[in-house]
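Chain residues, written in single-letter form:
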Amino acid sequence: MDLRIFTEPQQGASYDTLLTVAKATEDLGFDAFFRSDHYLSMGDVDGLPGPTDAWITLAGLARETKRIRLGTLMTAGTFRLPGVLAIQVAQVDQMSGGRVELGLGAGWFEEEHKAYGIPFPKEKFARLEEQLAIVTGLWQTKLGDTFDFHGTYYDLTDSPALPKPAQQRIPVLIGGQGATRTPRLAAQYGDEFNMPFSSVEDSERQFGRVRAAAEAAGRGPDELTYSNALVVCVGKDDQEVARRAAAIGREVDELKANGLAGTPAEVVDKIGRYAAIGSRRIYLQILDLTDLDHLELIAGQVQSQLS
């Protein structure tokens, strides 16, 4: 079971804060540092000092880290043209020496689009399908060949399909709870399927749909990695769990029901339940980025038991 650190910088984090967390992620032996792709805070927080761009952040971290994987859960398809996104991600992959992964989703938070003048189209999912075809198609085009795509929303003619990533294939993550279209896209384009903030039972059901879609697409279901994203709140005792829950404005019982919360033993046990249904990777949503002791506890008493 891989444990990855997943941050939500729109809730309030500077680049320097993210760099500190990314370096701790690397030093403590976690597998990867991921971040969300949002420009507006959610809930009762001021979001200060303001948003940071996902791929600019990852470009900086690519030069400041050496081992950990770097990526997004999920890049919003509404934020970037697919050709531009392919260039950005390939460049950051080169800058990192081949450590980048791309989570790509349709985009959903209408208020942030209004706040920053970003179009919010109705047909987001159909656009996402074309975006996935273009981004992966550009990367897969052989050197010296050109790439063409003529779709409903995007039109590319004689693209040199450059630059190329450092990796032969950048892993593409697709996630979500949709019963039909999401599994189909994951089966067609995904290297990993991620189930966000969901129970063991719901995850098992959705993993089954993705596995069936992969078989229908002529792929082996085990060609994909299956993963979960879950909020985490670990303490060495009940008092520390309660303190960390209060710091992020959540209730302990709710966190235990909907995330990974409690003592290390409790959290290891619940991770085991996800592992039993085929999850091989957990993205730990860290909401208090100033609490590096939290990361140390997870590394020392949770991650160590999983490995």
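Preceding block: the structure.
A short tour of the structure in this document, coming up.

Criteria and cut-off values
- In this convention, every chain numbers its residues from 1, walking through the sequence in written order.
- pLDDT decides what is reported in this predicted model: residues at 70 or higher carry local features, side-chain atom pairs at 80 or more are listed and counted, and totals for whole chains, interfaces and linings draw on all residues regardless.
- Computation of side-chain values: all heavy atoms of the structure, hydrogens and water removed.
- Elements are defined by DSSP. Helices are runs of H or I of four residues or more, strands are runs of E of two residues or more, and each kind is numbered from the N terminus.
- Under the scheme applied here, a residue whose accessible area is under 20% of the maximum for its type counts as buried, over 50% as exposed, and between as partly exposed, the area being computed with a 1.4 Å probe on protein chains only.
- N or O atoms closer than or at 3.5 Å make up a polar contact, with two conditions inside protein: a donor-capable atom paired with an acceptor-capable one, and, for residues adjacent in sequence, both atoms drawn from side chains.
- Only heavy atoms enter the contact rule, under which two residues are in contact if any of them lie within 4.5 Å.
- Buried and open spaces are told apart on a 1 Å grid over the protein atoms alone, a cavity being a set of points where a 1.4 Å probe fits but cannot get out and a pocket being an open set with protein on both sides within 12 Å along at least five of seven lines. Residues with an atom within 4 Å of a point are the lining residues.
- Grid points are joined across faces, edges and corners, and a volume is the space filled by probe spheres set on the points.
- Amino acid classes used here: Ala, Val, Leu, Ile, Met, Phe, Trp, Tyr, Cys and Pro are nonpolar; Asp, Glu, Lys and Arg are charged; the rest, including Gly, are polar.
- In the sections that follow, a salt bridge refers to a side-chain nitrogen of Lys or Arg positioned within 4 Å of a carboxyl oxygen of Asp or Glu.
- By definition here, a helix of n residues has an expected span of 1.5 Å times n minus one.
- Working note: the arc is built from the helix axis to C-beta atom directions.
- What makes two strands pair is DSSP finding at least two bridges between them.
- For this analysis, a ring pair means two rings from Phe, Tyr or Trp (six-membered ring only for Trp) whose centres lie within 6.5 Å, classed as stacked if their planes differ by under 30 degrees, edge-to-face if by over 60, and tilted for the remaining angles.
- Two conditions define a charge located above a ring, namely a distance within 6 Å from the ring centre to NZ of Lys or CZ of Arg, and an angle within 35 degrees of the ring normal.

Describing the side chain of Q131
For step 1, the next point in the chain: Relative to the helices and strands, Q131 is located in helix α5 (residues 124-140).
For step 2, the next point in the chain: Judged by relative accessible area, which is 4%, Q131 ranks as buried.
For step 3, the next point in the chain: Only 2.9 Å separates the side chain of Q131 from the backbone oxygen of G77, close enough to count as a polar contact.
For step 4, the next point in the chain: For Q131, the side chain forms a polar contact with the side chain of Y154, separated by 2.9 Å.
For step 5, the next point in the chain: With residues up to four places along the chain from it excluded, the contact list for Q131 reads G77, R80, P82, L104 and Y154.

Notes on empty space enclosed by the protein
For step 1, the next point in the chain: Per the counting criterion, the structure on display carries 1 cavity of 30 Å³ or more.
For step 2, the next point in the chain: Taken as a whole, the largest cavity encloses approximately 70 Å³ of empty space.
For step 3, the next point in the chain: Elements with a minimum of two residues in the lining of the largest cavity: β10 (225-234) and α8 (238-247).
For step 4, the next point in the chain: Residue classes in the lining of the largest cavity are distributed as 6 nonpolar, 1 polar and 3 charged.

Quick look at the pattern of salt bridges
For step 1, the next point in the chain: For the structure shown, the criterion picks out 22 salt bridges.
For step 2, the next point in the chain: Ionic pairing is found between D222 and R211, a salt bridge with its closest N-O pair at 3.0 Å. Of this pair, D222 sits in the loop between α7 (200-216) and β10 while R211 sits in helix α7, and the two are 11 residues apart along the sequence.
For step 3, the next point in the chain: When its relative accessible area of 32% is taken as the criterion, R211 is described as partly exposed.
For step 4, the next point in the chain: One network of salt bridges, with partners in common, ties together K236, E240, R243, R244 and D291.

Some remarks on α7
For step 1, the next point in the chain: Over its 17 residues, α7 runs 24 Å from end to end, which matches the ideal 24 Å to within 8%, given 1.5 Å per residue.
For step 2, the next point in the chain: For α7, every residue scored as buried is listed here: V200, S203, Q206, F207, V210, A213 and A214. Buried residues along α7 cover an arc of 145° about the axis, so they all sit on one side. Of the residues in α7, the exposed ones pointing more than 90 degrees away from the buried face are E215 and A216.
For step 3, the next point in the chain: Buried residues belonging to α7 abut α6 (181-189), β9 (192-196), β10 and α10 (264-276).
For step 4, the next point in the chain: Remark: G218 follows α7 within two positions and exhibits a positive phi of approximately 85°.

What to know about the pairing of strand β6 (residues 147-150)
For step 1, the next point in the chain: What you see with β6 is a clean split: F147 and F149 sit on the buried side and D148 and H150 on the side with no burial.
For step 2, the next point in the chain: Summarising the sheet, β6 and strand β7 (residues 155-159) pair through 3 bridges and their orientation is antiparallel. Bridging across to β7, F147 finds its partner in S159.
For step 3, the next point in the chain: The antiparallel pairing of β6 with β7 creates a hairpin that spans 4 residues between the two strands.

Topic: the side chain of T25
For step 1, the next point in the chain: One can find T25 in helix α1 (residues 15-27).
For step 2, the next point in the chain: You can call T25 buried: its relative accessible area is 0%.
For step 3, the next point in the chain: What T25 contacts, discounting residues up to four positions off in sequence, is I5, F30, A32, F33, R67 and I68.

As for the packing of aromatic side chains
For step 1, the next point in the chain: For the structure on display, the rule yields 6 aromatic pairs.
For step 2, the next point in the chain: Centre to centre, the rings of F34 and Y283 are 5.0 Å apart; their planes meet at 70°, and the pair counts as edge-to-face. Taken together, the residues span a long stretch of sequence, with F34 in strand β2 (residues 32-35) and Y283 in strand β12 (residues 281-286) at a distance of 249 residues. In this structure, F34 and Y283 share a single accessibility class: buried.
For step 3, the next point in the chain: Between Y39 and F79, the ring centres sit 4.6 Å apart and the planes meet at 20°, which makes this aromatic pair stacked. Remark: F79 occurs in the loop between β4 (75-76) and α3 (82-96) and Y39 occurs in the loop between β2 and α2 (54-64); sequence separation between them is 40 residues.
For step 4, the next point in the chain: According to the relative accessible area criterion, Y39 is buried, its value standing at 17%.
For step 5, the next point in the chain: Note on F79: relative accessible area 15%, which makes it buried.
For step 6, the next point in the chain: Here the aromatic cluster, defined as three or more aromatic residues joined through ring pairs, consists of Y39, F79 and Y116.
For step 7, the next point in the chain: Directly above the aromatic system of F120 lies the positively charged group of K124, at a separation of 4.2 Å from the ring centroid.
For step 8, the next point in the chain: In this arrangement the basic side chain of R181 is found over the ring face of F125, its NZ or CZ atom lying 4.2 Å from the centre.

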